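# Topology and contacts: notes
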Amino acid sequence: MPLIVQKYGGTSVGNPERIKNVAARVARYRAQGDQIVVVVSAMSGVTDNLIKLAKEIMPLPSEREMDVLLATGEQTTIALTAMALHALGVDAISLTGAQAGIVTDGVHTKAKIQNITPKQVHALLTAGIVVIVAGFQGQTPEGQITTLGRGGSDLTAVALAAALKADLCQIYTDVDGVYTADPRIVPDARKLNEIAYDEMLELASLGAKVMQSRSVEFAKKFGVVFEVRSSLNDNPGTIVKEETQSMEDVVIRGVSLDKNQAKVTLVGVPDRPGVAARIFKALADAAMNVDMIVQNVSHGSGTPATDISFTVDKPDLLKATKVIEALKPEMGFREALSDEKIGKLSIVGVGMRSHSGVAAKMFETLAHEGINIDMISTSEIKISVVIDLAKGEKAMKAVHAAFVGT
Ligand code: ADP
Ligand code: ASP
Ligand code: MG
């Protein structure tokens with residue numbers, strides 16, 4: 001009997017009608033005899049609203065309390081989805097992350113899954129019951145509620161699929177699959193039939209929020225093949241899997257734009273060994289993901305100094321600034337500036353390994369549009385540039401047209 005893990009995102013469970021649609025699809029699979037685990041997100045907008053509420057109480061709330069708050073979003077949906085299945089006469093039960101045996105570390109709001117004990121889930125499935133699991137949440141070994149980072153229901157689904165050795169893992173969302181660019185920004189974007197883990201991972205880390213990047217990392221590590229598809233129709237979606245040779249024939253698989261980055265610049269940092277280590281160790285200790293880093297000679301008088309710029313996720317900016325300000329007396333830099341009006345535009349493709357001239361073509365395309373490049377970073381299969389946020393979408397369309405076509 002096939003075991004299927006199906007994950008439904010926020011829009012797919014966004015109102016009672018949509019939840020009933022999800023239940024109808026699940027009931028259809030169940031009628032074929034499949035064992036089904038359903039992972040659901042909070043209804044669309046709910047997590048954002050909870051965050052907004054918390055910020056109205058205080059700007060930097062305790063992360064433990066944030067997790068207690070945010071976990072309620074998914075808890076609402078599991079119960080409603082179970083009810084919708086009951087209404088169709090399908091035996092179903094809702095489980096929180098903790099009840100489903102999802103154990104995480106204690107890094108609140110960004111917890112990592114340590115292990116999953118799916119004993120109870122297995123027992124319920126064997127008894128013919130559809131199991132509905134709250135996405136995005138888990139519990140520490142000490143019993144504290146944790147969440148897995150924004151978009152974390154994808155991770156719950158992939159991790160459960162691995163733990164349960166599922167035959168299929170389906171990620172249902174509000175678009176037909178993974179596209180060459182966000183179809184809401186680039187109308188010419190095309191749906192991909194397949195994409196390699198590494199490409200999906202880069203696109204996801206670089207702003208394509210169709211999949212949470214950590215879930216793709218997890219899928220790659222445990223070899224979970226999954227399909228991204230629409231909850232609104234029956235069209236085949238995009239298969240995400242190990243790279244195959246023919247994938248290198250395509251130079252650029254996709255283009256992404258991350259509008260959720262901010263840049264911090266430390267001006268006049270004394271130029272001596274150990275300085276960068278001290279800064280980035282402090283940020284790492286605060287569980288902050290630093291991405292691009294650029295160092296320039298500082299143009300000032302006096303002792304040799306440099307300017308160090310780096311990017312962080314926008315929601316982490318306040319926290320990053322606090323960490324940096326705390327270092328000021330010890331490090332003696334002149335000032336810390338922050339800029340939230342940046343966009344990170346990236347092109348991704350495993351074919352870049354075997355094709356040259358890709359960077360030049362990207363930079364020429366941007367130059368032609370009169371768009372200035374602020375920072376650059378590359379890897380074997382991606383090129384990213386930081387540009388003015390206001391020009392982000394225009395740049396994305398131009399670069400997509402240059403590499404993928406119209
Ligand atoms: P869910 O709530 O189902 O998890 P998300 O909103 O997290 O859905 O992700 C789906 C959205 O991702 C789409 O509506 C789309 O606008 C966006 N997106 C960004 N980049 C891409 C891409 N390359 N392909 C498909 N969708 C993308
Ligand atoms: N509800 C959470 C979020 O909005 C998790 C998810 O939707 O995957 O980030
Ligand atoms: Mg999502």
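Above this note sits the structure.
Everything numeric here is computed off the predicted structure, so don't read it as measured data. (Residues numbered from 1 in each chain as written. Chains lettered and ligands numbered in written order. Predicted model: local features only at pLDDT ≥ 70, side-chain atom pairs only at ≥ 80, totals over all residues. Heavy atoms only, no water.)

The immediate surroundings of ligand 1 are formed by 17 residues, with Thr173, Asp174, Tyr179, Asp182 and Arg184 found nearest. For ligand 1, a nitrogen atom lies 2.9 Å from a polar atom in the backbone of Tyr179. Burial of ligand 1 by the protein chains amounts to 90% of its free accessible area of 570 Å². Counted by class, the shell around ligand 1 contains 8 nonpolar, 4 polar and 5 charged residues. (Near = heavy atom within 4 Å. Polar contact = N/O pair within 3.5 Å; in protein donor to acceptor, adjacent residues only side chain to side chain. Areas by Shrake-Rupley, 256 points an atom, 1.4 Å probe, with all protein chains shown as cover. Nonpolar A, V, L, I, M, F, W, Y, C, P; charged D, E, K, R; others polar.)

Mapped onto the elements of the fold, Val131 is located in strand β6 (residues 130-134). For Val131, a relative accessible area of 0% gives the class buried. Taking C-alpha positions, Val131 is 55 Å from Pro273, a pair spaced 142 residues apart along the chain. With sequence-adjacent residues up to four places away left out, Val131 is seen in contact with Ile36, Val37, Val38, Ile93, Leu95, Val121, Leu124 and Leu125. (Helix = DSSP H or I, 4+ residues; strand = E, 2+ residues; numbered from the N terminus. Buried < 20%, exposed > 50% of the residue type's maximum accessible area, 1.4 Å probe, protein only. Contact = heavy atoms within 4.5 Å.)

Another point: the site of ligand 2. Neighbouring residues of ligand 2: Ser41, Ala42, Thr47, Glu74, Phe136, Arg150, Gly151, Gly152 and Ser153. A distance of 2.7 Å separates an oxygen atom of ligand 2 from a polar side-chain atom of Arg150. Within the backbone of Gly151, an N or O atom sits 2.9 Å from an oxygen atom of ligand 2. Burial of ligand 2 by the protein chains amounts to 87% of its free accessible area of 260 Å². Of the residues in the shell around ligand 2, the class split is 2 nonpolar, 5 polar and 2 charged.

Right, let's talk about the nonpolar core for a bit. By size, the foremost hydrophobic cluster in this structure holds 44 residues, and its most contacted members are Val5, Val37, Val121, Val133, Met200 and Phe226. Top contributing element to this core by residue count: helix α5 (residues 153-163), with 6 residues. The residues contacting Met200, other than those within four sequence positions of it, are Val178, Ile195, Val210, Met211, Val216 and Val240. Residues Met352, Val358, Ile383 and Val399 belong to the second largest nonpolar core, which totals 24 residues. (Core = buried A, V, L, I, M, F, W, Y, C linked by side-chain atoms within 4.5 Å.)

Inspection of every chain in the model, using the stated rule, returns 20 salt bridges. With its nearest N and O atoms 3.1 Å apart, the salt bridge here joins Lys110 to Asp316. Here Lys110, found in the loop between β4 (102-104) and β5 (113-116), pairs with Asp316, found in the loop between β16 (305-313) and α9 (317-331); they are 206 residues apart in sequence, far enough to count as distant. Given the relative accessible area of 22%, Lys110 is considered partly exposed. (Salt bridge = Lys/Arg side-chain N within 4 Å of Asp/Glu carboxyl O.)

Attention now goes to the sheet that holds strand β17 (residues 335-339). In spatial order, the strands read β15-β16-β14-β17; together these 4 strands make up an open sheet with antiparallel pairing. Since the sheet does not close on itself, it has two edges, and those belong to β15 (290-297) and β17, each with one partner. Going from strand to strand, the sheet's axes swing by 20° on average, the running direction of each strand aside. Bridge count for β15 against β16 is 6 bridges, and the pairing is antiparallel. What sits directly across from Val297, in β16, is Thr306. Packing against the sheet, helix α8 (residues 275-285) makes contact with β14 (261-270), β15 and β16, and its axis sits at approximately 20° to β16. Strands in contact with α9 are β14, β16 and β17; relative to β14, the strand with the most contacts, it is inclined by about 5°. (Pairing = 2+ DSSP bridges. Axes fitted to C-alpha atoms, helices over the stretch in contact; angles between N-to-C directions.)

This part is about the sheet that holds strand β12 (residues 238-241). Strands sit in the order β3-β6-β2-β1-β9-β11-β12-β10 across an open sheet of 8 strands; the sheet is mixed. The two strands at the open ends of the sheet, each matched to only one other strand, are β3 (92-95) and β10 (194-196). The mean inter-strand angle of the sheet, taken between neighbouring strand axes irrespective of direction, is 20°. As paired strands, strand β1 (residues 3-8) and strand β2 (residues 35-40) are joined by 6 bridges and run parallel to one another. Pairing of Val5 across the sheet is with Val37, part of β2. Contacts from helix α3 (residues 63-87) reach β2, β3 and β6, with the element oriented near 160° to β6.

Attention now goes to the pairing of strand β9 (residues 168-173). In terms of burial, β9 is a largely internal element, 5 of the 6 residues being buried. Sheet topology note: the β1/β9 ladder contains 5 bridges and is parallel. Paired with Ile4 across the strands is Leu168, a residue of β9. Pairing analysis gives 4 bridges linking β9 to strand β11 (residues 226-230), with the strands arranged parallel.

This brings us to the packing of α5 against helix α7 (residues 213-222). Across the interface, α5 lies against α7 with an axial gap of 8 Å and an inter-helix angle of 15°. Viewed along their axes, α5 and α7 adopt a mutual orientation that is roughly parallel. As α5 runs across α7, the sense of the crossing is left-handed. Judged by residue contacts, Asp154, Leu155, Val158, Ala159 and Ala162 of α5 engage Arg214, Ser215, Phe218, Ala219 and Phe222 from α7. Along the lines of polarity and charge, the residues of the contact of α5 with α7 split into 7 nonpolar, 1 polar and 2 charged. (Parallel < 35°, antiparallel > 145°, perpendicular 65-115°, else oblique. Left-handed = near helix turned anticlockwise from the far one by under 90°.)

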